[in-house]
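# Reading the structure
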Amino acid sequence: MRKSSFVIAETIPGSYDGVGRQVTSSFFHRKAPDAALPIGRYIGQPLTFKCQSIEEVRRFLAGCKAVSAQELFGKRDYWQPPEEFERLKKGGCVDFSLWTWRQLLSLGYDARFVGGARGRYGIGHAWVEYFENGKCFLVEPQLRRVGERIPRLSTLCYRPKLSIAMNGEKLRYFVHQQPDFQPAWSFLLPLVLDWLVFWGWFWLRTIPRMPKLLLRRWLWHK
């Protein structure tokens, strides 16, 4: 895996259908959430900010604010074009992910924009994935301040449903299934320990900084 400073986790084989099944664009558009513009529009326009590394991608996103489409545009769903998100530096998970996807493609990654569900209650979400050396890596742009990675166990919360890839100048569309993943405890134990160490250390570092972070958040909303 390329050395990077971004929120990345290798998915667990058998738990995450990263490849999916290719479908036609008409099938995808019938199943996909409503986008403000044709899908090709989100990939075709040039961006002003051209990252030279994954670290630059993370630094840019660290300066962006997570805001709902309802708050920004008065609409329940609105997919900002990446160049618009780049200018506003505000948006939802779709906006963060579309921009990140564009940057990873420019850096030469075999990357996809992914839409699906995350969390215990299956809340709709968008993220990015890429393939390297036969492995699938999940990229979570909205956890950009956490560090370089998230624990592999965290990827179990992500359930892809639809994804878009770029092959040269041609878009490809995929649908995904939820695998029946029932691992043995002997397999899960190291992953659980890694998860506990990661988030335990994260909160030990974060709690002393909470007053400053809350003040910054309050000033941002003023």
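Residues numbered from 1 in each chain as written. Predicted model: local features only at pLDDT ≥ 70, side-chain atom pairs only at ≥ 80, totals over all residues. Heavy atoms only, no water.

## With respect to the side chain of Arg102
What counts, and what does not: Comment: elements are numbered from the N terminus, with helices defined as DSSP H or I runs of at least four residues and strands as E runs of at least two. Buried, partly exposed and exposed residues are distinguished by accessible area as a fraction of the type maximum, computed with a 1.4 Å probe on protein chains only: under 20%, between the cut-offs, and over 50%, respectively. By the counting scheme adopted, Arg and Lys are positive, Glu and Asp are negative, and His together with the chain ends is not counted. By definition here, a salt bridge exists when the distance from a side-chain nitrogen of Lys or Arg to a carboxyl oxygen of Asp or Glu is within 4 Å. It only takes one pair of heavy atoms within 4.5 Å for two residues to be counted as in contact.
On the secondary structure map, Arg102 appears in helix α6 (residues 93-106). One buried charged side chain, Arg102, makes no salt bridge at all; its nearest oppositely charged neighbour is Glu83, positioned 4.8 Å away. Excluding residues within four positions of it along the chain, Arg102 makes contact with Tyr42, Ile43, Gly44, Gln45, Pro46, Leu47 and Pro82.

## Side note on the side chain of Ser97
Take Ser97: it is sitting in helix α6. Sequence-distant contacts of Ser97, that is, excluding residues within four places in its chain, are made with Phe113, Ala126, Trp127, Val128 and Pro141.

## What about the pairing of strand β7 (residues 135-139)?
Rules: When DSSP finds at least two bridges between two strands, those strands are taken to pair.
The element β7 is largely enclosed, with a buried count of 4 among its 5 residues. Relative to β7, strand β6 (residues 123-132) is paired through 5 bridges, and the arrangement is antiparallel. By the bridge assignment, Tyr130 is partnered in β7 with Phe137. Here β6 hands over to β7 after 2 residues, with Asn133 in that stretch at a positive phi of 55°.

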